[in-house]
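Summary of the model geometry
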Amino acid sequence: MVKIYITRKIPAAEEILKNHFEVEVNPEDRILTRDELKKIVRDFDGIVTTLADKVDQEILEQAIQLKVISNCAAGLDNVDLQMAKERKIAVFNVPDVTTQSTADMTIAILLSLIRRVTEAEEYVKKGLWRAWEPNLFF
């Protein structure tokens, strides 16, 4: 059976993959060491990585049976694409993974600036707020 390793706990990834593959997940919520990554690329057919996993030449030199890297990130800066290509390892990412959250955060920042949230918070923390005022932070 094809063996897949997921380097961090990623919502729904294990549930989706375990119906088709033998799946192992990093049981700890931490970045794997380089030695751990080297062993994984030797022992697994595919890995699901995050942007914190540096899959460079040194790691890929250990890839004996690795066929697929699926990077749970918008970019691929953490993967040596040339080395992966030379070793015939397919590499994938999720290019639109941050589009919605980036738009959400942009709107949140704009609203906080318009509503002067940071100034109001500091005002309260300094003990200056006494009661409602019609023109306060208007």
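Scroll up a little and you will see the structure.
Keep in mind that what you see is a predicted model, and the values were worked out from it rather than measured. (Residues numbered from 1 in each chain as written. Predicted model: local features only at pLDDT ≥ 70, side-chain atom pairs only at ≥ 80, totals over all residues. Heavy atoms only, no water.)

Focus on the pairing of strand β5 (residues 90-93)
Under the convention used in this document: In this analysis, strands are considered paired if DSSP registers two or more bridges between them. Counting from the N terminus, the helices are DSSP H or I runs at least four residues long and the strands are E runs at least two residues long. Handedness of a crossover: with both strands directed away from the viewer, a clockwise path from the first strand across the helix to the second marks it as right-handed.
Here four bridges tie strand β4 (residues 68-72) to β5, and the two strands are oriented parallel to one another. Pairing of Asn71 across the sheet is with Asn93, part of β5. Each parallel crossover has a hand, and the one from β4 via helix α4 (residues 81-86) to β5 is right-handed.

Some details on the sheet that holds β4
Formally: To obtain an axis, a line is fitted to C-alpha atoms, over the contacting stretch when the element is a helix, and the angle between two such axes runs from 0 to 180 degrees between their N-to-C directions.
Across the sheet, which stays open at both edges, the five strands sit in the order β2-β1-β3-β4-β5 with parallel pairing between neighbours. This sheet does not close on itself; its edge strands, each paired only once, are β2 (22-25) and β5. Strand-to-strand twist in this sheet, taken as the mean axis angle between neighbours without regard to direction, amounts to 15°. As defined by bridge partners, strand β1 (residues 3-6) adjoins β2 across four bridges and the pair is classed as parallel. Counted as the bridge partner of Ile6 is Val25 from β2.

Brief notes about the packing of aromatic side chains
Threshold: Here is the rule: rings of Phe, Tyr and Trp (six-membered ring for Trp) pair when centre to centre is within 6.5 Å. Planes less than 30 degrees apart are stacked, more than 60 are edge-to-face, and the remainder are tilted. Residue exposure (1.4 Å probe, protein chains only): buried if accessible area is under 20% of the type maximum, exposed if over 50%, otherwise partly exposed.
What the rule picks out here adds up to two aromatic pairs. When the centroid spacing of 5.2 Å and the interplanar angle of 70° are considered together, the rings of Tyr5 and Phe44 count as edge-to-face. Residue Tyr5 is found in strand β1, and its partner Phe44 is found in the loop between α2 (34-43) and β3 (46-50); the two are separated by 39 residues along the sequence. Of the residues examined, Phe44 reaches a relative accessible area of 8% and is grouped as buried. Taking the centre distance of 5.2 Å and the plane angle of 85° together, the rings of Tyr123 and Phe137 count as edge-to-face. Linking Tyr123 in helix α6 (residues 117-125) with Phe137 in the segment after α6, this pair joins segments that are 14 residues apart in sequence.

Looking at a nonpolar patch on the surface
The condition that has to hold: Residues enter a patch when their relative accessible area is above 30% and they make no salt bridge; the linking distance is 9 Å between like charges and 5 Å between nonpolar side chains (Val, Leu, Ile, Met, Phe, Trp, Tyr). Accessible surface is estimated by sampling points in the Shrake-Rupley manner with a 1.4 Å probe; for residues, cover comes only from the protein chains shown. By definition here, a salt bridge exists when the distance from a side-chain nitrogen of Lys or Arg to a carboxyl oxygen of Asp or Glu is within 4 Å.
Residues Met105, Ile107, Ile109, Leu110, Leu111, Leu113 and Ile114 make up a contiguous nonpolar surface patch of about 730 Å² in total accessible area. Considering the arrangement of structural elements, one finds Ile114 in helix α5 (residues 99-114). Ile114 gets classed as exposed once you look at its relative accessible area, which sits at 61%.

Quick look at the nonpolar core
Nonpolar side chains tend toward joint burial in soluble globular proteins. For the record, the criterion: In these notes, a set of buried Ala, Val, Leu, Ile, Met, Phe, Trp, Tyr and Cys residues joined through side-chain atoms within 4.5 Å is what counts as a nonpolar core. The criterion used for residue contact is that any of the two residues' heavy atoms lie within 4.5 Å.
If you look at the biggest cluster of nonpolar residues, it comprises 17 residues, and the most contacted ones within it are Ile47, Leu60, Leu66, Ile69 and Ile89. Residue assignment for this core shows that the elements contributing at least two residues are α2, α3 (57-60) and α4. Other than its neighbours up to four places away in sequence, Ile69 contacts Ile47, Thr49, Val55, Leu60, Val79, Ile89, Ala90, Val91 and Phe92.

Describing the pattern of salt bridges
Applying the stated criterion across every chain yields a total of eleven salt bridges. Its salt-bridge partner being Lys38, residue Glu58 comes within 2.6 Å of it at the nearest N-O pair. Taken together, the residues Glu58 in helix α3 and Lys38 in helix α2 connect sequence positions 20 residues apart. Asp43 serves as the salt-bridge partner of Lys39, at 2.5 Å between the closest nitrogen and oxygen. Taken together, the residues span about one helical turn, with Lys39 and Asp43 both in helix α2 at a distance of four residues. Taking the relative accessible area as the measure of exposure, Asp43 reaches 26% and is therefore partly exposed.

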